[in-house]
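# Summary of the model geometry
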Amino acid sequence: MAACSSKGCDCPAAKAKPSEANTSGNRALWTTGYRIENMDCPTEEALIRDKLAKLPGVTDLEFNLLQRLLTVHHEMPSLAVEQALAAIGMRATRADIESTSQTTVLAIAKMDCPTEEALIRGKLTGMASVDALDFNLVQRTLQVRHWANALPGVLAALKSLGFEAEISDVADTTGVPAGPSRHQWWPLVVSGLAAVLSEGVYWFRGGSHWAVVTLALIAIFTGGLPTYKKGWIALRNRNLNMNALMSIAVTGAMLIGHWPEAAMVMVLFALAEVIEAKSLDRARNAIRGLMDLAPETATVQLPDDSWDEVDAKTVAINSRARVKPGERIALDGVIVQGRSTVNQASITGESLPVEKAEGDPVFAGTINESGSFEYRVTAIATQSTLARIIHAVEAAQGSRAPTQRFVDQFARFYTPIVFAVALAVAILPPLILAAPWLPWVYKALVLLVIACPCALVISTPVSIVSGLAAAARRGILIKGGVYLEEGRKLRWVALDKTGTITHGKPVQTDFMGWREADAASARILAASLSTRSDHPVSLAVAHAAQDDGLILREVDDFAALPGRGVRGRINGSLYHLGNHRLIEDLGVCTPNLEAKLAALEAQGKTVVMLAGKEGVQALFAVADTVKDSSRRAIADLHALGVKTMMLTGDNPHTAEAIARQVGIDRSQGNLLPEDKLHEIERLAADGKVGMVGDGINDAPALARADIGFAMGAAGSDTAIETADVALMDDDLRKMPAFVRLSRATASVLKQNITLALGIKAVFLVLTFTGQASMWMAVFADMGASLLVVGNGLRLVRK
């Protein structure tokens, strides 16, 4: 089986040894791993597969072309395998990737764009001691999984490419965002002036002159020396990147006497690189702005009860901190004294202040607007909700979206093809048609400039990064470019009811004893069970009992019954508290009870019942209120062409009543977690499905949906870590906002790719008609790069 991934492969390749798990008769089954230096593409894979598959005793082959790794499962000595590989010219060495490995994160300041990534990937994937690479161009970090003691070799390889790498952290991709690019402007200014003067002298003198050549050389080597250096490194490593192509083109122009044009091309290219790097910094700054929201210091109570301002990173959990009016909160915590209003826009995207009192959570980076309060720290600085949001966005930016993977694959073939065409243009017409050499060589040099795919490869990551940053600033945490792209395709959105469409804070509205049961005693029993549950309906029953001052009893053998209710023993007797489904399962439902339930459920109320050994003893009706934002959100989703369905464990009557209130297309009640999963699978047959939920009962459906949305994720470690998209507050209007942003991102991606390819196509035609010049081509390439970057950055303001 072939395995090829940008993050490597975990296939088991080890030195030849008997497998502990597999045997074939009395013969041992061995697994041997090989690093094959010259196994670069499917052609070599097919050759090796054809050769080894014919060997008696070879049972399976696993290929990882990215890592040049071959795993052979065989029932004979490995010498035969090695001889077969040598016979077809494969340079194979034993690999033991079960050796102790570790992960190191490197910060590489000069790794700005996919050109550098491709160069580094080509160098490091050829090293037997490197197992996997994970690039994050936005943060300029490279995560390397390598064998023990292999890090010096990795750093040396990077240095040979001209990159200075610093060890950022081990097994931790969360770090401070990359700083702005640093460029010295004076060489570029000198280079530009020299190029302009060279062009001027050329026109004034009517042709080349020693002054023209001198000025052109000053321009080329003042502004273009870094390009030549990077181009030479790329060629030395057999990598045709844009620096190599530009170096060849400029050198060729000098050799055929086009000195002013060679100078102008180099200056424009160097200028394009600087402007491009600055534009990418703007995308990086979108995340840096989030990082700067949290203060670096916090006012903390010391052991002697005095207060002092200390570094926020040194504050431990359970420390007591204080915040004055107008200050930003430095750390996550829970208020223990005082009250205030807090602007939580940096976390939830909601600018309206939220009232906070004792027992309420507060988040790092939010603004305390009015009162002063003290709070107990619940998370260290690097694990705050804001920090986790930033870390998640950084990780998402490092992942490749589908469009980006397509563009990278296209660019991988585009450049060598155009390079081959350029060679053919330079050689074939003069040799076959006896055409003059210089015009065709010049056309070939123009083609080399056009072969640079920079505008194309940079168009996608800038747009994705901008979209992710824009969403994070509005309280929508998207866990990868794939979800940002797929959001526009949603046909259905399934929603849980409690806490998603409704406020999730129901109150008890009705209570009645059933038959001859003691109503007061039944209420105490029900309240004793409900206080052990975290379900909103049970909590409503418990709160009503607490408000009336009821004395509760001890519960033994308590158990939650997902989708049904709870059970437990009180004074040795078994009691159940749950919904209609539970009562039916217990076999204690009667026609009179059904009629009463129908009357209450028709009013949009949820009914739970207490049942003992004598049957049902009491009924409790609970009602929840619909969020105003839910109605608007559903209407917006419908306007976007997205259908909606409500999935709830509540009774069908209540589900239908709530669905009518908010305008949902379809509703299903009395659903267990596995029933919600099956409904999602049915919807998936009609297109892409999103599932919005906030509880453990929604977990299977959230996992099965094409995109799982977690509501109210602020302060929830699990939601931020596991959801595909985390909505940081309980405002469902973020759902249509996500869909709109996804569609806007897709539109920008299409515009950028069309623009980049369109300009290339136009100049290909102009080159063959003899109307394109080298400086025009590089100017167009620079312009295309700036246009796609600028267009992508529009999403930050979307």
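Residues numbered from 1 in each chain as written. Predicted model: local features only at pLDDT ≥ 70, side-chain atom pairs only at ≥ 80, totals over all residues. Heavy atoms only, no water.

This part is about the overall build of the chain. The helix and strand tally for the chain stands at 26 helices and 31 strands. Each of the 798 residues in the chain was classed as buried or not, and the buried ones make up 52%. Long-range contacts, defined here as pairs at least 24 residues apart, represent 70% of the contacts in the chain between residues at least 6 apart. Accessible surface for the chain amounts to roughly 34,800 Å². Of this, 56% is attributable to carbon and sulfur atoms. (Helix = DSSP H or I, 4+ residues; strand = E, 2+ residues; numbered from the N terminus. Buried < 20%, exposed > 50% of the residue type's maximum accessible area, 1.4 Å probe, protein only. Contact = heavy atoms within 4.5 Å. Areas by Shrake-Rupley, 256 points an atom, 1.4 Å probe, with all protein chains shown as cover.)

Now for the pairing of strand β4 (residues 69–74). Taken residue by residue, a regular strand's side chains alternate between the two faces of the sheet. Burial analysis of β4 places six of its six residues in the buried class, the great majority of the element. Strand direction decides the pairing type here: strand β3 (residues 58–64) and β4, joined by six bridges, are antiparallel. Bridge pairing links V58 to H74 in β4. (Pairing = 2+ DSSP bridges.)

Here we come to unusual backbone geometry. Of note in this structure, A434 is not a glycine but carries a positive phi near 60 degrees. With respect to the helices, strands and loops of the structure, A434 is situated in the loop between α12 (402–433) and α13 (437–450).

On to the side chain of E601. For E601, the location among the structural elements is in helix α19 (residues 591–601). K497 provides the closest opposite charge to the buried, unpaired E601, separated from it by 11 Å. In this structure E601 touches H580, V607, N651, H653 and T654, once residues within four positions along its chain are discounted. (Lys, Arg positive; Asp, Glu negative; His and termini not counted. Salt bridge = Lys/Arg side-chain N within 4 Å of Asp/Glu carboxyl O.)

Put simply, α12 and α13 touch, their axes get as near as 8 Å, and they point 175 degrees apart. The pairing of α12 with α13 is recorded here as roughly antiparallel in orientation. Listed contacts from α13 to Y414, V418, F419, V421, A422, V425, A426, I427, P429, P430 and L431 of α12 are W437, W440, V441, K443, A444, L447, L448 and I450. Among the residues forming the contact of α12 with α13, the class breakdown is 18 nonpolar, no polar and one charged. (Axes fitted to C-alpha atoms, helices over the stretch in contact; angles between N-to-C directions. Parallel < 35°, antiparallel > 145°, perpendicular 65-115°, else oblique. Nonpolar A, V, L, I, M, F, W, Y, C, P; charged D, E, K, R; others polar.)

Strand order in this open sheet of six strands is β11-β10-β12-β18-β13-β16, and the pairing throughout is antiparallel. Looking along the sheet, the strands with just one partner apiece sit at the ends: β11 (307–311) and β16 (361–362). With five bridges joining them, strand β13 (residues 333–338) and strand β18 (residues 373–377) adopt antiparallel strand pairing. Bridge pairing links V334 to R376 in β18.

This brings us to the pattern of salt bridges. Scanning the model with the defined rule gives 20 salt bridges in all. Measuring nitrogen to oxygen at the nearest pair gives 2.8 Å for the salt bridge that ties R121 to E117. Within this pair, R121 and its partner E117 are both found in helix α3 (residues 114–124), separated by four residues, close to a single helical turn. Counted as one network, the salt bridges with shared partners bring together E486, K489 and K688.

Across its twelve residues, helix α20 (residues 628–639) extends 17 Å between first and last C-alpha, which sits within 8% of the 16 Å expected from 1.5 Å per residue. Among the residues making up α20, those that are buried are S629, S630, A633, I634, D636 and L637. The buried residues of α20 all sit within an arc of 160 degrees when viewed along its axis, so they share a single face. Turned more than 90 degrees away from the buried face of α20, the exposed residues are D628, R632 and A639. Where α20 is buried, its residues meet β20 (490–495), β27 (643–647), α21 (652–662) and α25 (734–768). Of the residues trailing α20, G641 is marked for its positive phi of about 85 degrees. (Expected span 1.5 Å × (residues − 1). Arc of directions from axis to C-beta.)

Core analysis: the largest hydrophobic core is formed by 48 residues, its most contacted members being I220, M246, V250 and M774. Taken together, the elements giving at least two residues each to this core come down to α5 (185–205), α6 (210–223), α8 (242–255), α9 (259–291), α12, α13 and α26 (774–793). Per-element accounting of this core gives the leading share, ten residues, to α9. Beyond its immediate stretch of four places on either side in the chain, I220 contacts L225, Y228, V250, M254, A262, A263 and M266. In terms of nonpolar packing, the next biggest core, distinct from the first, is built from 47 residues, V493, A633, F709 and L749 among them. (Core = buried A, V, L, I, M, F, W, Y, C linked by side-chain atoms within 4.5 Å.)

Following both chains from N to C, one finds α12 and α25 inclined at 5 degrees, their axes separated by 13 Å at the closest point. Relative to α25, the element α12 lies roughly parallel. The segment α12 lies against α25, with T403, V407, F410, Y414, V421 and V425 engaging L749, I753, L757, K760 and F768.

Here we come to α5. A rise of 1.5 Å per residue sets the reference length of α5, with its 21 residues, at 30 Å; its end C-alpha atoms lie 30 Å apart and thus fit the reference within 8%. For α5, the full list of buried residues reads P187, L188, S191, G192, A194, A195 and S198. In a view along the axis of α5, the buried residues occupy a sector of 165 degrees, so they form one face of it. Projecting away from the buried face of α5 at angles above 90 degrees are the exposed residues W186, L193, V196, W203 and F204. Phi for G206, located one or two positions after α5, is positive at around 75 degrees.

Overall, the coordinates contain seven aromatic pairs when judged by the stated rule. Seen in terms of ring centroids, F410 and Y414 are 5.8 Å apart; in terms of plane orientation they differ by 15 degrees. Their pairing is stacked. With F410 and Y414 both in helix α12, this residue pair falls four residues apart, about one helical turn. Exposure remark for F410: the relative accessible area of 32% places this residue in the partly exposed category. The exposure class assigned to Y414 is buried, which follows from its relative accessible area of 12%. Site record: aromatic cluster; members linked through ring pairs are F406, F410 and Y414. One residue, R322, lies across the ring of W307, its end atom 4.2 Å from the ring centre. (Phe/Tyr/Trp six-rings, centres within 6.5 Å; stacked < 30°, edge-to-face > 60°. Lys NZ or Arg CZ within 6 Å of the ring centre and 35° of its normal.)

Once that is clear, we can look at a nonpolar patch on the surface. A cluster of nonpolar side chains, L423, I427, L428, L431, I432, L433 and W437, forms an exposed patch at the surface whose accessible area comes to about 740 Å². Counting through the fold element by element, L433 comes out in helix α12. Here L433 falls in the exposed class, since its relative accessible area comes to 64%. (Patch = residues over 30% accessible without salt bridge, like charges linked within 9 Å, V, L, I, M, F, W, Y side chains within 5 Å.)

With that out of the way, let us pick up the pairing of β13. Here β13 runs beside β16; their pairing, made up of two bridges, is antiparallel. What sits directly across from V334, in β16, is P361.

Regions with low pLDDT should not have their predicted coordinates read in detail. Counting all residues, the mean pLDDT for the chain is 82, and 87% of those residues have values of 70 or more. Note on residues 1–28: pLDDT is under 50 here. Beyond four places in sequence and across chains, it has 74 contacts. The model gives residues 170–179 a pLDDT under 50, and that stretch makes 26 contacts with residues more than four places away or in other chains. (pLDDT = per-residue confidence, 0-100.)

Across the sheet, which stays open at both edges, the six strands sit in the order β21-β26-β25-β24-β23-β22 with antiparallel pairing between neighbours. Each having just a single partner strand, β21 (507–513) and β22 (556–561) make up the two edges of the open sheet. Strand after strand, the sheet turns through a mean of 15 degrees between neighbouring axes, direction not considered. As defined by bridge partners, strand β24 (residues 573–578) adjoins strand β25 (residues 606–612) across three bridges and the pair is classed as antiparallel. Residue pairing in the sheet places L577 in a bridge with L610 of β25.

This paragraph deals with the environment of I458. Tracing the sequence through the fold places I458 in helix α14 (residues 454–473). Overall, the relative accessible area of 1% leaves I458 in the buried class.

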